[in-house]
Amino acid sequence: MSIIPLFVAIPLASAFLIPMFSKRIRVFSDIFANVTTFILCVMSLGVIGRNAVYTVGLWKPPVGIAMALDGWSVLLLVTVNSISFCATVFSIKYMEQYTSKLRYYSLFLLMVAGMNGVVLSGDLFNLYVFLEIASIASYALVGFGCQHDELEASFKYLVLGSVASTFILLGVAVGYSLTGTLNMADISARLPHDSSTFIFMASCFILGFGLKAALVPFHAWLPDAHPSAPAPISAMLSGVLIKAIGVYALIRLIFNIFGLTPVLSHILLFFGTASMVIGVFLAIGQWDMKRLFAYHSISQIGYVMLGFGLATPLGILGAIFHLMNHAVFKGLLFLTAGSVEYNIHTRQLEEMGGLRERMPVTGFTSLVASMSIAGIPPLNGFWSKLIIIIACVQSGHYIFGLWAAFVSLMTLASFLKVQKFAFFGELKEHNKGVREVPVGMCLSMMILALLCVGMGLLLVPSVRAQLLDPAVASLLRGTEYAAWILSKG
Amino acid sequence: MTRESGMIYALCFVLFMVGLYCVVVKKNLVKIVLGLAIMEYAVNLFLILIGYRKDGIAPIIDGATDAKTFAAASVDPLPQALVLTSIVIGLGVLTLMVALCIRLYERYGTFDITQIRRLRG
């Protein structure tokens, strides 16, 4: 019995079981959801270093649906499941403010199931289906509060998300008409690279997944959608959803299915730099705390894309590492913003101030995350940005390296602003009675803060050989991916 | 590709563009929803056209025909299975969209998106 399908089956099953069994006993839903995400987290740590192909219903590829586990998928699995565990721990108390926790957990686990499915799928149409499961759950979760802003943001996200999905489906259809197969490995083996149909298909996918990943010309929905969701969901959306269904899928297709060509690499470089620079400029003027963080997500995804666009082993290593780091510190930032909102019921920076005295844990973890995203050594964000900049210089792209360093400074400036206005400075009169958030919320923030401090250790060679190196290797082997899947099946 | 079949693909693409135009330009929530539905139908139609064969037989195999002649004569059943899945997904998205429209109407009292603009900047 292979462990691979369980990553989808377990959250899917509990998403259905939670509303069925926890109507009577309220606390059951908390326990059930947390146990589920904890099991998934342990399982994802357990598959580190493994490579496997699972054939659904024992139909061999290319006929049947394959699920493939390689270095790049494992990395995403670990990221998705660990962040979702922290988010569910945070949700126990935080979601008391909302009604209907059962439906919340149900949608949350559906989203996790969808994301795990996307990163494991070896079949293009199957990938689309899982992507839609994750997306639909996230549309509903963004609008979970049912207030003016939430509904508006949710509708905007839903419209742009559906357009993206339609383009992806069109890409799948064109791919099928071009190769007569849906298995990703088989498509890669049969794809005629010089036909104009191939270019049309590639542009459909880049447009669709670019919209899902909120790269800059397609980013309009993100700064509305991410702040409007409940805090743990913001952490999930910014931390992992845009990566699992946007970046992961796009990079898998470009590196392993299409094969990286100079044109595609330049497209990634262009989108990456544009997102990086424009995102940070839009962020610095924001006064809504969560909105500011959301613009930084666009900017940090830009770093990731830039690293992939360089297509050197060092650049890819930096990109992959930054992707993990961003999940951790952006997740943490949104959780701290959630704690502040939990206490003083506002997201406006002007109305905060001096909260560090009243909320020491939130203040300290937020400081760690801010320093990490701004790239202060020895926190994790520093190492990944350093690697990306070194990779830029090494491959002769000095201009991109300069932009990356400049954006890092701007990031530092805007997080100094957050710290100054929210946590340092004078305590406002109406915030005198504020107390620290409950212990469960503190616990999940402290776990993530510890990760921020400790994740630099992933670069130690013996540890790197376990997680990061296999991911880089699985992308660098390019279209040999096809041969690997077809031989294993 | 013959001229007729090229024509069908072109019309299918026009349908897709009509939907996209509707989503981008229209100011009414309900019209945007309709635009998305049209886009999706265009893609579904495109999927069906990929597997279609003129004068093809239904892809149901019985004992009498052997596999080779069957494969040469029948339409491709796989895109039809895909379209079924895609229709179901489309139903889910459409329901959620309409529910959101109703809620938005309750809050704002209008379907006009130029008046539903609290989020900006």
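Structure: see above.
So, the overall build of chain B
In terms of regular secondary structure, chain B is built from four helices and zero strands. Element order for chain B, N to C, with α for helix and β for strand: α-α-α-α. Relative to the globule expectation of 14 Å for 121 residues, the C-alpha radius of gyration of chain B, 20 Å, shows a markedly less compact shape. Principal-axis analysis of the C-alpha atoms places the extent of chain B at approximately 65 × 30 × 25 Å.

Thoughts on the interface of chain B and chain A
Contacts between the two partners involve 37 residues from chain B and, on the opposite side, 35 residues from chain A. For the pairing of chain B and chain A, the buried interface totals around 3200 Å² over both sides, and the portion due to carbon and sulfur atoms is 78%. For the pair chain B and chain A, the interface holds zero salt bridges. The tally of links between chain B and chain A comes to four residue pairs in polar contact (both at pLDDT 80 or more). Looking at the side of chain B that touches chain A, the elements that each hand over two or more residues are α1 (3-25), α2 (29-51) and α4 (77-108) of chain B.

Remarks on the layout of surface pockets
Of the volumes computed, that of the largest pocket is approximately 770 Å³. Surrounding the largest pocket, 31 residues form its lining, Lys156(A), Val159(A), Leu160(A), Ile32(B) and Ile113(B) being those nearest its centre. Those elements giving two or more residues to the lining of the largest pocket turn out to be α6 (148-179), α8 (196-213), α9 (222-228) and α12 (289-310) of chain A together with α1 and α2 of chain B. With seven residues, the single largest contributor to the lining of the largest pocket is α6(A). Its residues assigned to classes, the lining of the largest pocket comprises 21 nonpolar, two polar and eight charged.

Side note on the pattern of salt bridges
Between side chains of opposite charge, a pair can form when the charged atoms approach closely. Scanning the model with the defined rule gives 13 salt bridges over all chains in all. For Arg347(A), the salt bridge is made with Glu341(A), and the minimal N-O distance between the two is 3.7 Å. Here Glu341(A) falls in the buried class, since its relative accessible area comes to 19%. Between Arg103(B) and Glu106(B) there is a salt bridge whose closest N-O contact spans 4.0 Å. Of this pair, Arg103(B) and Glu106(B) both sit in helix α4, three residues apart, which is roughly one turn of that helix. Judged by relative accessible area, which is 59%, Glu106(B) ranks as exposed. Through salt bridges that share partners, Asp288(A), Lys290(A), Glu341(A) and Arg347(A) make up one connected network.

Side note on the packing of α8(A) against helix α10 (residues 231-258) of chain A
Residues and elements named next belong to chain A. It is at 7 Å that the axes of α8 and α10 come closest, and there the two elements cross at 155 degrees. Put simply, α8 runs roughly antiparallel to α10. Here α8 and α10 pass one another in a crossing that is left-handed. Mapping the contact onto sequence places Phe198, Met201, Ala202, Phe205, Ile206, Phe209, Lys212 and Ala213 in α8 and Ile242, Ile245, Gly246, Val247, Ala249, Leu250, Leu253 and Phe258 in α10. Of the residues in the contact of α8 with α10, the class split is 14 nonpolar, one polar and one charged.

A look at the nonpolar core
Residue and element names in this part refer to chain A. Residues Trp72, Leu75, Met115, Phe258, Phe308 and Ile320 are the most contacted members of the largest nonpolar core, which totals 203 residues. The element contributing the most residues to this core is α10, with 20 residues. Dropping the residues within four chain positions of it, Phe308 is found in contact with Trp72, Val247, Ile251, Phe255, Leu268, Gly315, Ile316, Ala319, Ile320 and Leu475. Grouped together as the second largest cluster of nonpolar side chains are 13 residues, Val277, Leu306, Ile388 and Ala391 included.

Topic: the packing of α6(A) against α1(B)
A pair of packed helices is captured by two measures, namely the crossing angle of their axes and the spacing between those axes. Closest axis-to-axis distance for the α6(A)/α1(B) pair is 12 Å, and the angle between their directions is 165 degrees. Classified by the angle between their axes, α6(A) and α1(B) sit roughly antiparallel to one another. Two packed elements cross with a definite hand, and for α6(A) against α1(B) that hand is left-handed. Mapping the contact onto sequence places Val159(A), Val163(A), Thr166(A), Phe167(A) and Leu170(A) in α6(A) and Phe16(B), Leu20(B) and Val23(B) in α1(B). Taken together, the residues of the contact of α6(A) with α1(B) break down into seven nonpolar, one polar and no charged.

Here's the deal with empty space enclosed by the protein
Residue and element names in this part refer to chain A. A complete count under the given rule lists one cavity of 30 Å³ or more for this structure. Its boundaries defined by the atoms lining it, the largest cavity holds a volume of some 60 Å³. Lining the largest cavity, in full, are Ser135, Tyr157, Gly161, Leu211, Lys212, Trp221, Leu241, Ile242 and Ile245. Contributions of two or more residues to the lining of the largest cavity are made by α6, α8 and α10. At three residues, the largest contribution of residues to the lining of the largest cavity is made by α10. Its residues placed into classes, the lining of the largest cavity shows six nonpolar, two polar and one charged.

Focus on unusual backbone geometry
Glycine aside, negative phi is the norm for most residues, and most peptide bonds take the trans geometry. Residues and elements named next belong to chain A. In this chain, Pro377 is followed by Pro378 through a cis amide linkage whose omega measures 5 degrees. Here Pro378 shows up in the loop between α15 (360-374) and α16 (380-394). Phi at Ala214 takes a positive value of approximately 60 degrees, unusual for a residue other than glycine. Mapped onto the secondary structure, Ala214 falls in the loop between α8 and α9. With phi around 55 degrees, His345 is a residue other than glycine that occupies positive phi space. With a relative accessible area of 60%, His345 lands in the exposed category.

Quick look at α10(A)
All names here are of chain A. Its axis deflected by about 45 degrees at Lys243, α10 carries its strongest bend there. Among the 28 residues in α10, 28 count as buried, and that is most of the element. Of the residues one or two after α10, Gly259 is the one with positive phi, at around 85 degrees.

A few points about the side chain of Ser366(A)
Residues and elements named next belong to chain A. Along the polypeptide, Ser366 turns up in helix α15. What makes Ser366 buried here is its relative accessible area of 0%. Ignoring any residue separated from it by four or fewer positions in sequence, one finds Ser366 in contact with Leu333, Thr336, Gln419 and Phe423.

Comments concerning the environment of Val14(B)
Residues and elements named next belong to chain B. As for its placement among the helices and strands, Val14 is situated in helix α1. Residue Val14 is classed as partly exposed on the basis of its relative accessible area, which comes to 45%. For the pair Val14 and Ala42, spaced 28 residues apart in sequence, the C-alpha to C-alpha distance is 8.6 Å.

Procedures and definitions
Starting afresh in each chain, residues are numbered from 1 along the sequence in its written order. The naming scheme follows written order: chains are lettered A onward, ligands numbered 1 onward. Local features are withheld for residues below a pLDDT of 70 in this predicted model, meaning they are given only at 70 or higher, and side-chain atom pairs are given and counted only at 80 or more; totals for whole chains, interfaces and linings count all residues. As a rule here, side-chain values cover all heavy atoms of the structure and leave hydrogens and water aside. Helix and strand definitions follow DSSP, with helices as H or I runs of at least four residues and strands as E runs of at least two, each counted in order from the N terminus. A radius of gyration in this sense is built from C-alpha atoms; the matching globule rule multiplies 2.2 Å by the number of residues raised to 0.38. Contacts: residue pairs with any heavy atoms within 4.5 Å of one another. Here the quantity called buried area is the total loss of accessible area, with a 1.4 Å probe, experienced by two parts when brought into contact, counted for both. Just to be clear on terms, a salt bridge is a Lys or Arg side-chain nitrogen sitting within 4 Å of an Asp or Glu carboxyl oxygen. In protein, a polar contact means a hydrogen-donor-capable atom and an acceptor-capable atom, both N or O and within 3.5 Å, with residues adjacent in sequence counting only if both atoms are side-chain atoms; elsewhere, any N or O pair within 3.5 Å suffices. Using protein atoms alone on a 1 Å grid, points that fit a 1.4 Å probe yet trap it form a cavity, whereas open point sets bounded by protein on both sides within 12 Å along at least five of seven lines form a pocket; residues with an atom within 4 Å of a point count as lining. Grid points are joined across faces, edges and corners, and a volume is the space filled by probe spheres set on the points. Polarity classes work like this: nonpolar for Ala, Val, Leu, Ile, Met, Phe, Trp, Tyr, Cys and Pro, charged for Asp, Glu, Lys and Arg, and polar for all others, with Gly in that last group. Residue exposure (1.4 Å probe, protein chains only): buried if accessible area is under 20% of the type maximum, exposed if over 50%, otherwise partly exposed. Every angle, taken between N-to-C directions, lies between 0 and 180 degrees, and every axis is a line fitted to C-alpha atoms, over only the stretch in contact when it is a helix. Should an angle lie under 35 degrees it is considered roughly parallel, over 145 roughly antiparallel, and from 65 to 115 roughly perpendicular; all remaining angles are considered oblique. Each crossing gets its hand from how the near helix is turned against the far one by less than a right angle, where anticlockwise is left-handed and clockwise is right-handed. Each nonpolar core is a collection of buried residues, namely Ala, Val, Leu, Ile, Met, Phe, Trp, Tyr and Cys, held together in the definition by side-chain atoms within 4.5 Å. Note on bend: at a given residue it equals the angle between the axes fitted to the 7 residues ending there and to the 7 starting there.

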